[in-house]
Amino acid sequence: MTNPMSQSGRPGQGLPTPPSGWPIGSYPTYAEAQRAVDYLSDQEFSVQDVTIVGVDLMQVERVIGRLTWAKVIGGGIISGAWLGVFLGLVLGIITNTNYLSALLVGVLGGIVFGLISATIPYAATKGQRDFASTMQLVAGRYDVLCEPKTAEKARDLLARLAI
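Owing to the predicted nature of the structure, the values given are computational and were not obtained by experimental measurement.

Student: Give me the packing of aromatic side chains: which residues, what numbers.
Tutor: In total, this model carries two aromatic pairs according to the counting rule given. With centroids separated by 4.8 Å and ring planes inclined at 85°, the aromatic side chains of tryptophan 69 and tyrosine 122 adopt a geometry described as edge-to-face. In this pair, tryptophan 69 is assigned in helix H2 (residues 69–95) and tyrosine 122 in helix H3 (residues 99–124), connecting sequence segments 53 residues apart. A relative accessible area of 44% places tryptophan 69 in the partly exposed class. Under the relative-accessibility criterion, tyrosine 122 is labelled buried at 11%.

Student: Got a sec to walk through the pattern of salt bridges? Specific residues and values, please.
Tutor: What the rule picks out here adds up to three salt bridges. As a salt-bridge pair, glutamate 61 and arginine 129 come within 2.5 Å of each other at their nearest N and O atoms. Within this pair, whereas glutamate 61 is found in strand S2 (residues 50–66), its partner arginine 129 is found in the loop between H3 and strand S3 (131–146), the two being separated by 68 residues in sequence. Glutamate 61 sits in the partly exposed class, given a relative accessible area of 32%. Judged by relative accessible area, arginine 129 falls into the partly exposed class, the value being 37%. Notably, a salt bridge pairs aspartate 143 with arginine 141, separated by 3.0 Å at the nearest N-O pair.

Student: Any details on the environment of leucine 161? Residues and values, ideally.
Tutor: For leucine 161, the location among the structural elements is in the segment after helix H4 (148–159). Sequence-wise, leucine 161 and leucine 103 are 58 residues apart; in three dimensions their C-alpha atoms are separated by 57 Å. Residues in contact with leucine 161, not counting those within four places in the same chain, are Arg35, Ala36 and Tyr39.

Student: An account of the nonpolar core is requested, with residue identities and associated values reported.
Tutor: Formed by 18 residues in total, the largest nonpolar core has its most connected members in Ile24, Leu40, Phe45, Val50, Val144, Cys146 and Leu158. Breaking this core down by element, the ones donating at least two residues are strand S1 (22–27), helix H1 (30–42), S3 and H4. Here this core takes five residues from H1, the largest share from any one element. Setting aside anything within four residues of it in sequence, one finds leucine 40 in contact with Ile24, Phe45, Val47, Val50, Ala154, Leu157 and Leu158.

Student: Describe in detail the environment of arginine 129, supporting the description with residues and values.
Tutor: Between the C-alpha atoms of arginine 129 and leucine 67, which are 62 residues apart in sequence, the distance is 8.3 Å. When residues no more than four places from it in sequence are discounted, the contact partners of arginine 129 are Glu61, Leu67 and Tyr122. Of note is the side chain of arginine 129, whose polar atom sits 2.5 Å from the side chain of glutamate 61. At a separation of 2.9 Å, a polar atom in the side chain of arginine 129 contacts the side chain of serine 133.

Cut-off values and rules
- Residues numbered from 1 in each chain as written.
- Predicted model: local features only at pLDDT ≥ 70, side-chain atom pairs only at ≥ 80, totals over all residues.
- Heavy atoms only, no water.
- Phe/Tyr/Trp six-rings, centres within 6.5 Å; stacked < 30°, edge-to-face > 60°.
- Helix = DSSP H or I, 4+ residues; strand = E, 2+ residues; numbered from the N terminus.
- Buried < 20%, exposed > 50% of the residue type's maximum accessible area, 1.4 Å probe, protein only.
- Salt bridge = Lys/Arg side-chain N within 4 Å of Asp/Glu carboxyl O.
- Contact = heavy atoms within 4.5 Å.
- Core = buried A, V, L, I, M, F, W, Y, C linked by side-chain atoms within 4.5 Å.
- Polar contact = N/O pair within 3.5 Å; in protein donor to acceptor, adjacent residues only side chain to side chain.

Pasting the structure below:
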(Lines give C-alpha, C1' and ligand atoms only; values in the text may rest on other atoms or scores of the structure.)
Protein backbone atom coordinates (compact mmCIF):
# COMPACT_ATOMS: atom_id res chain seq x y z
CA MET A 1 0.00 0.00 0.00
CA THR A 2 1.07 3.55 -0.53
CA ASN A 3 1.07 6.46 1.82
CA PRO A 4 -0.16 9.60 0.00
CA MET A 5 1.31 11.79 2.75
CA SER A 6 4.86 10.53 2.34
CA GLN A 7 7.46 12.31 0.25
CA SER A 8 9.54 9.74 -1.59
CA GLY A 9 11.75 12.25 -3.38
CA ARG A 10 11.10 10.67 -6.79
CA PRO A 11 10.94 13.10 -9.69
CA GLY A 12 7.43 14.04 -10.76
CA GLN A 13 5.98 13.19 -7.35
CA GLY A 14 2.24 13.72 -7.46
CA LEU A 15 2.01 13.84 -11.25
CA PRO A 16 0.96 10.79 -13.26
CA THR A 17 4.02 9.36 -15.00
CA PRO A 18 4.67 5.97 -16.59
CA PRO A 19 6.78 3.64 -14.46
CA SER A 20 10.46 3.30 -15.23
CA GLY A 21 13.03 0.65 -14.52
CA TRP A 22 14.04 -2.81 -15.56
CA PRO A 23 11.79 -5.81 -14.87
CA ILE A 24 13.16 -7.97 -12.07
CA GLY A 25 10.12 -10.21 -11.56
CA SER A 26 6.59 -10.89 -12.77
CA TYR A 27 3.87 -12.36 -10.55
CA PRO A 28 0.26 -13.49 -11.11
CA THR A 29 -1.04 -11.81 -7.92
CA TYR A 30 -0.38 -8.57 -6.09
CA ALA A 31 0.29 -10.51 -2.89
CA GLU A 32 3.20 -12.34 -4.56
CA ALA A 33 4.66 -9.11 -5.95
CA GLN A 34 4.34 -7.52 -2.51
CA ARG A 35 6.04 -10.57 -0.97
CA ALA A 36 8.94 -10.18 -3.42
CA VAL A 37 9.43 -6.52 -2.48
CA ASP A 38 9.14 -7.40 1.21
CA TYR A 39 11.83 -10.04 0.70
CA LEU A 40 14.08 -7.42 -0.91
CA SER A 41 13.46 -5.15 2.07
CA ASP A 42 14.31 -7.99 4.48
CA GLN A 43 17.60 -8.42 2.59
CA GLU A 44 18.29 -4.70 3.24
CA PHE A 45 17.95 -3.85 -0.44
CA SER A 46 17.13 -0.19 -1.22
CA VAL A 47 13.43 -0.73 -2.01
CA GLN A 48 12.90 2.95 -2.89
CA ASP A 49 14.26 1.94 -6.32
CA VAL A 50 11.46 -0.62 -6.77
CA THR A 51 8.01 -0.21 -8.31
CA ILE A 52 5.10 -2.67 -8.53
CA VAL A 53 3.18 -2.25 -11.78
CA GLY A 54 -0.21 -3.81 -12.51
CA VAL A 55 -0.30 -4.90 -16.17
CA ASP A 56 -3.36 -5.77 -18.30
CA LEU A 57 -5.78 -3.85 -16.11
CA MET A 58 -9.41 -4.93 -15.99
CA GLN A 59 -12.45 -3.43 -14.33
CA VAL A 60 -14.32 -6.32 -12.75
CA GLU A 61 -17.91 -6.02 -11.55
CA ARG A 62 -18.93 -8.91 -9.33
CA VAL A 63 -22.69 -9.38 -8.96
CA ILE A 64 -23.64 -9.97 -5.34
CA GLY A 65 -27.35 -10.62 -5.75
CA ARG A 66 -30.72 -9.52 -7.02
CA LEU A 67 -32.27 -6.29 -5.75
CA THR A 68 -35.94 -6.17 -4.82
CA TRP A 69 -38.04 -3.42 -3.29
CA ALA A 70 -38.01 -5.31 0.02
CA LYS A 71 -34.19 -5.45 0.07
CA VAL A 72 -33.87 -1.77 -0.89
CA ILE A 73 -36.36 -0.64 1.77
CA GLY A 74 -34.81 -2.94 4.41
CA GLY A 75 -31.32 -1.68 3.62
CA GLY A 76 -32.54 1.94 3.79
CA ILE A 77 -34.15 1.34 7.18
CA ILE A 78 -31.07 -0.36 8.62
CA SER A 79 -28.53 2.17 7.35
CA GLY A 80 -30.81 5.05 8.34
CA ALA A 81 -31.31 3.62 11.82
CA TRP A 82 -27.54 3.39 12.37
CA LEU A 83 -27.11 6.97 11.25
CA GLY A 84 -30.00 7.92 13.54
CA VAL A 85 -28.40 6.23 16.54
CA PHE A 86 -25.27 8.29 16.02
CA LEU A 87 -27.19 11.54 15.48
CA GLY A 88 -29.47 10.79 18.44
CA LEU A 89 -26.50 10.30 20.75
CA VAL A 90 -24.91 13.53 19.52
CA LEU A 91 -28.25 15.34 19.92
CA GLY A 92 -28.58 13.99 23.47
CA ILE A 93 -25.11 15.24 24.37
CA ILE A 94 -25.57 18.67 22.79
CA THR A 95 -29.05 19.39 24.16
CA ASN A 96 -28.32 17.82 27.54
CA THR A 97 -31.86 16.40 27.66
CA ASN A 98 -33.28 12.93 28.03
CA TYR A 99 -30.98 10.65 26.03
CA LEU A 100 -33.74 8.16 25.29
CA SER A 101 -36.00 10.74 23.64
CA ALA A 102 -33.07 12.22 21.69
CA LEU A 103 -32.08 8.73 20.58
CA LEU A 104 -35.66 7.96 19.50
CA VAL A 105 -35.90 11.20 17.49
CA GLY A 106 -32.53 10.48 15.90
CA VAL A 107 -33.43 6.90 14.96
CA LEU A 108 -36.81 7.89 13.48
CA GLY A 109 -35.24 10.75 11.53
CA GLY A 110 -32.47 8.45 10.34
CA ILE A 111 -34.96 5.84 9.16
CA VAL A 112 -36.86 8.45 7.16
CA PHE A 113 -33.61 9.73 5.65
CA GLY A 114 -32.42 6.17 4.92
CA LEU A 115 -35.69 5.27 3.19
CA ILE A 116 -35.58 8.37 1.01
CA SER A 117 -31.91 8.02 0.11
CA ALA A 118 -32.33 4.32 -0.79
CA THR A 119 -35.67 4.25 -2.59
CA ILE A 120 -35.38 7.33 -4.84
CA PRO A 121 -32.21 6.18 -6.66
CA TYR A 122 -33.62 2.64 -7.00
CA ALA A 123 -36.90 3.94 -8.41
CA ALA A 124 -34.98 6.15 -10.85
CA THR A 125 -33.38 3.08 -12.48
CA LYS A 126 -36.87 1.91 -13.56
CA GLY A 127 -35.90 -1.76 -13.36
CA GLN A 128 -32.81 -1.40 -15.55
CA ARG A 129 -30.39 -2.43 -12.83
CA ASP A 130 -32.04 -4.86 -10.44
CA PHE A 131 -28.86 -6.26 -8.95
CA ALA A 132 -26.22 -5.29 -6.41
CA SER A 133 -22.53 -5.51 -7.28
CA THR A 134 -19.04 -4.45 -6.31
CA MET A 135 -16.39 -3.00 -8.63
CA GLN A 136 -12.68 -3.73 -8.58
CA LEU A 137 -9.72 -2.75 -10.70
CA VAL A 138 -7.49 -5.81 -11.10
CA ALA A 139 -4.42 -6.65 -13.14
CA GLY A 140 -3.65 -9.72 -15.19
CA ARG A 141 -0.15 -9.75 -13.72
CA TYR A 142 2.11 -7.62 -11.53
CA ASP A 143 5.60 -6.72 -12.68
CA VAL A 144 8.26 -5.56 -10.25
CA LEU A 145 10.56 -2.96 -11.78
CA CYS A 146 13.81 -1.64 -10.42
CA GLU A 147 16.03 1.29 -11.32
CA PRO A 148 18.83 0.12 -13.67
CA LYS A 149 21.63 0.92 -11.20
CA THR A 150 20.46 -1.79 -8.76
CA ALA A 151 18.31 -4.06 -10.96
CA GLU A 152 20.90 -6.83 -11.35
CA LYS A 153 21.39 -7.13 -7.59
CA ALA A 154 17.60 -7.19 -7.04
CA ARG A 155 17.14 -9.88 -9.71
CA ASP A 156 19.85 -12.01 -8.07
CA LEU A 157 18.18 -11.65 -4.65
CA LEU A 158 14.75 -12.56 -6.05
CA ALA A 159 16.22 -15.64 -7.73
CA ARG A 160 16.75 -17.04 -4.21
CA LEU A 161 13.11 -16.43 -3.25
CA ALA A 162 10.83 -19.36 -4.00
CA ILE A 163 7.31 -18.06 -4.61
